[in-house]
Amino acid sequence: MREEQGEYRKEETKNRVTRKFGANANAALPLRSLRRCGKKINHRKPSKYNNPSRQLCALRALCGESPHLLKLLILIDWFAPAYKAGGPIRSMVNAVEQWQYQYECYVLTGTADLGGRSLDLPAVNEWVNYKNGPAKVMYADAAHLKWAAMKAIINELQPDLIYMNSMFSFPFAIQPLLMHRMGSIKCKAVLAPRGMLKASAVQFKSTKKKIFLTLFKLLGIHKRIRFQATDETETKDIQAYFPGAVSFYAPNYPGSPALENEVLPKESGKLDILFIGRIHPVKNLHFLLECLKEVNGEVKLTIAGVLEDEEYWGKCKGIVEIGDTGARRRGDEERGDTKKGEGEEKGGNIGARRRGDEERGNTKKGEEEEQGGNIGARRRGDEESGNTKKGEEEEQGGNIGARKRGDEESGNTKKVEEQEEGWDTFLNSDSAIAPLVDVPLPLQERPSSSIKILNIKFLGPVPPHELDQLYKKHHIFALPTQGENFGHAIFDAFCNGKPVVISDQTPWTQLAEHHAGWEIPLSQKKAFISCLQQAIDWNHSTYKEWSNGAHQLAVQFVAGSNINDQYKKLFF
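As the structure is a computational prediction, the values presented were derived from the model and not from experiment.

Colleague: Kindly report on the overall build of the protein, identifying the contributing residues and their values.
Modeller: When helices and strands are tallied, the protein shows 18 helices and 27 strands. Looking at the 572 residues of the protein, the share that counts as buried comes to 49%. Contacts in the protein between residues at least 24 apart in sequence constitute 69% of all its contacts with a sequence separation of at least 6. Total accessible area on the protein is roughly 28300 Å²; 47% of this is exposed by carbon and sulfur atoms.

In structure tokens:
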């Protein structure tokens, strides 16, 4: 009878844990008896356990498990609500949501997002609960990230393990590694390079990085820590730089696929493509634009990401004209930069100016002037063709009319309309985000039987909670990256049933066998173009088959992963 009562109480306590902390609270953890732990928790005094972490410890003790959880300190440059750095933030947010019920989690991070924009935070320089759960986060300012201050924070916390998420970050990797090497920090240390040892990453600012890696090796730091590799390629990269280093394979925690796949209607000859990534050479946007110049069909490309490299962005705009004229990019606005397009707003009315295409030999001039709220019109003649093209702009009720211009080469009249389209209109949501411009961009001339239209939107950085809606508006995802150690944007595409066209520099392989997309070597540009053209030519029935294949791949990946066990090997 007593045994039955004991089992009943134990099961009831586990149910209490689940109801209070969620299904992950009873996740598998090495069980230790209270005798091994050497102490008991008096659950009759709940006032001692008035925070979620201590309550969890008490309830686990009642279940016969060790009340002592591994105290894990996570060091990372950016953490939610930051989002612009992309993959590393997504990886750690997903991990913390899993680990906070298995370990005693603390996250030490900065107060700004990528680019320097300050975050709207509940508190600075003190520990706060993350989303009211057991995990705690400290958003530390620059003064608290200096050597003495950070050393004091770590030693006061006394973690069992520090988990670093960068290879080259001074405050969150180099500094704590040196402290650990000097014996100022006495705990285990795990370093996750996050793809920063890939050749495609080391090539940028290579001199400084190679000097640091040499010193890292000479000081023998690699012999005192453990490395995390998120794929086989990263394992090889670690061994290449640090022979004999201890490394464990532990993939990133992915998101969750939708329960049911919603297939977007698809018409043959038309395709909506999504590119999500930093505007940086490693993401290889220019390669995608060059490929799109070679395909036939009506294609819409949406680019979302932080404008990190202005020079590279200029290179991309030199390949095809990108419709960001007259719009303020959100990334610039958040950094406090002022970016002005050709269109200017004065007195509440908008004047626009369109530039011609010099390469085709067309001269297109237009000017809209506003004086006292009225817009005047100007006529110009076309001297080379001998034709007189008249444009007229009228204002009625504060609205801006359209103007017709001639095309010298074809003699046809083409109407070009520039309009500002809000991000919330694009998503049919109420989000207040800077307006955008959608400009149809005809490429090089083709025979009349071959339709070739390219519409490009540049959205700037998009918050994570809006990404699912963005995926639902597009047919496929394209990312010809030079290197990804996981590729959260790629996996999110699978979760939303979007086939992908990506490079072979990611962990995702054999995609065509699953009808989930293609991974293509960057040296095979024609194959990349061919796959894009195949996706354009899909009818709805064929697209549905590939969309379901992508969604099923995400479902199978989540179901077949044993990520928690792999991280236990890494930590213990």
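Colleague: Run through the packing of helix α15 (residues 488–495) against helix α17 (residues 540–560), naming residues and quoting values.
Modeller: Orientation of α15 relative to α17, taken along the N-to-C sense of each, is 110°, at an axis distance of 6 Å. By the angle between their directions, the pair α15 and α17 is classed as roughly perpendicular. Contact residues: α15 offers F491, F494 and C495, while α17 offers A550, H551, L553, A554, F557 and V558. By residue class, the composition of the contact of α15 with α17 is eight nonpolar, one polar and no charged.

Colleague: I'd like a description of a nonpolar patch on the surface, backed by residues and values.
Modeller: Together, I211, L215 and L218 make up a nonpolar patch on the protein surface, roughly 330 Å² of accessible area in all. Position of L218 among the secondary structure elements: in helix α8 (residues 206–218). L218 gets classed as exposed once you look at its relative accessible area, which sits at 67%.

Colleague: Tell me about the sheet that holds strand β2 (residues 104–109), residues and numbers included.
Modeller: Hydrogen bonds along the backbone pair up the strands of a sheet, which may run parallel or antiparallel. Taken in spatial order, the eight strands of this open sheet run β3-β4-β2-β1-β5-β6-β7-β8, and their pairing is mixed. Here the strands that pair on one side only, and so sit at the sheet edges, are β3 (127–129) and β8 (246–249). Each adjacent strand pair in this sheet contributes to an overall mean axis angle of 25°, direction not counted. With three bridges joining them, β3 and strand β4 (residues 136–139) adopt antiparallel strand pairing.

Colleague: Now, about the nonpolar core: what can you tell me, with residues and values included?
Modeller: The biggest cluster of nonpolar side chains holds 63 residues, and the ones touching the most others in it are L285, L301, F477, F494 and L532. Excluding residues that lie within four positions of it along the chain, L285 makes contacts with F275, I279, I303, Y312, W313 and C316.

Colleague: Please set out the packing of aromatic side chains residue by residue, giving values where relevant.
Modeller: One pass over the full model with this rule turns up 32 aromatic pairs. Pairwise contacts between aromatic rings join W99, Y103, Y163, Y253, Y567, F571 and F572 into one cluster.

Colleague: Can you explain the confidence of the model for the protein? Please cite residues and give values.
Modeller: For the protein, mean pLDDT is 76; residues scoring 70 or higher make up 66% of the total. When the criterion is pLDDT under 50, residues 24–50 qualifies, and its contacts beyond four places in sequence or with other chains add up to 43 contacts. Predicted confidence is poor over residues 325–449, with pLDDT under 50, and the contacts of this stretch with residues over four places away or in other chains come to 218 contacts.

Colleague: Give me the environment of I520: which residues, what numbers.
Modeller: With respect to the element layout, I520 can be found in strand β27 (residues 517–520). Expressed as a C-alpha distance, the spacing of I520 and D504, which sit 16 residues apart in the sequence, is 5.2 Å. What I520 contacts, discounting residues up to four positions off in sequence, is V501, I502, S503, D504, A527, F528 and C531.

Colleague: Which residues make up the pairing of strand β24 (residues 452–460), and what are the values?
Modeller: Within β24, eight of the nine residues are buried, which leaves the element mostly enclosed by the surrounding structure. As judged from the eight bridges shared by strand β10 (residues 297–304) and β24, these two strands associate in the parallel manner. Within β24, the position partnered with V299 by the bridge is L454.

Colleague: I'd like a description of the environment of P499, backed by residues and values.
Modeller: Structurally, P499 can be placed in the loop between α15 and β26 (500–503). Along the chain, P499 and N548 lie 49 residues apart, while their C-alpha atoms are 8.8 Å from each other. Those residues in contact with P499 that sit more than four places away from it in its chain are H475, I476, F477, A516, G517, W538, Y543, W546, S547 and A550.

Colleague: Mind laying out α8, listing which residues take part and the relevant values?
Modeller: With 13 residues, α8 extends 18 Å from end C-alpha to end C-alpha; this agrees with the ideal 18 Å at 1.5 Å per step. Within the sequence span of α8, burial applies to K209, F212, L213 and F216. In an axial view of α8, the angular spread of the buried residues amounts to 100°, which keeps them on one side of the axis. Exposed residues on α8 whose side chains face more than 90 degrees from its buried face are T207 and L218. Close packing links the buried residues of α8 with α6 (170–182), β6 (188–191), α7 (199–202), β7 (226–229) and α9 (232–241).

Colleague: Give me the lowdown on the side chain of D77, citing residues and values where you can.
Modeller: Tracing the sequence through the fold places D77 in the loop between β1 (71–75) and α4 (87–99). No salt bridge is formed by the buried D77; its nearest oppositely charged neighbour, R194, is found at 9.7 Å. Not counting residues within four places of it along the chain, the set of residues in contact with D77 comprises T109, G110, S166, S169 and F172.

Colleague: Describe the pattern of salt bridges, with residues and values.
Modeller: Within this structure, the stated rule accounts for seven salt bridges. Across the pair K131 and E97 runs a salt bridge whose closest N-O atoms are separated by 3.3 Å. Pair noted here: K131 is in the loop between β3 and β4 and E97 is in helix α4, with a separation of 34 residues, a long-range link. Residue K131 is classed as exposed on the basis of its relative accessible area, which comes to 60%. Of the charged contacts, one joins K525 and E290 as a salt bridge, the two residues approaching to 3.0 Å between their closest N and O atoms. Taken together, the residues span a long stretch of sequence, with K525 in helix α16 (residues 525–537) and E290 in helix α10 (residues 285–292) at a distance of 235 residues. We classify K525 as partly exposed; its relative accessible area is 31%.

Colleague: Summarise unusual backbone geometry; cite the residues concerned and give the values.
Modeller: The amide bond that connects A80 to the next residue, P81, takes the cis arrangement and shows omega of 15°. In this fold, P81 is placed in the loop between β1 and α4. Positive phi is not limited to glycine here, since H515 has a value of about 55°. Take H515: it is sitting in the loop between β26 and β27. H515 sits in the partly exposed class, given a relative accessible area of 27%.

Cut-offs used in this document
- Residues numbered from 1 in each chain as written.
- Predicted model: local features only at pLDDT ≥ 70, side-chain atom pairs only at ≥ 80, totals over all residues.
- Heavy atoms only, no water.
- Helix = DSSP H or I, 4+ residues; strand = E, 2+ residues; numbered from the N terminus.
- Buried < 20%, exposed > 50% of the residue type's maximum accessible area, 1.4 Å probe, protein only.
- Contact = heavy atoms within 4.5 Å.
- Areas by Shrake-Rupley, 256 points an atom, 1.4 Å probe, with all protein chains shown as cover.
- Axes fitted to C-alpha atoms, helices over the stretch in contact; angles between N-to-C directions.
- Parallel < 35°, antiparallel > 145°, perpendicular 65-115°, else oblique.
- Nonpolar A, V, L, I, M, F, W, Y, C, P; charged D, E, K, R; others polar.
- Patch = residues over 30% accessible without salt bridge, like charges linked within 9 Å, V, L, I, M, F, W, Y side chains within 5 Å.
- Salt bridge = Lys/Arg side-chain N within 4 Å of Asp/Glu carboxyl O.
- Pairing = 2+ DSSP bridges.
- Core = buried A, V, L, I, M, F, W, Y, C linked by side-chain atoms within 4.5 Å.
- Phe/Tyr/Trp six-rings, centres within 6.5 Å; stacked < 30°, edge-to-face > 60°.
- pLDDT = per-residue confidence, 0-100.
- Expected span 1.5 Å × (residues − 1).
- Arc of directions from axis to C-beta.
- Lys, Arg positive; Asp, Glu negative; His and termini not counted.

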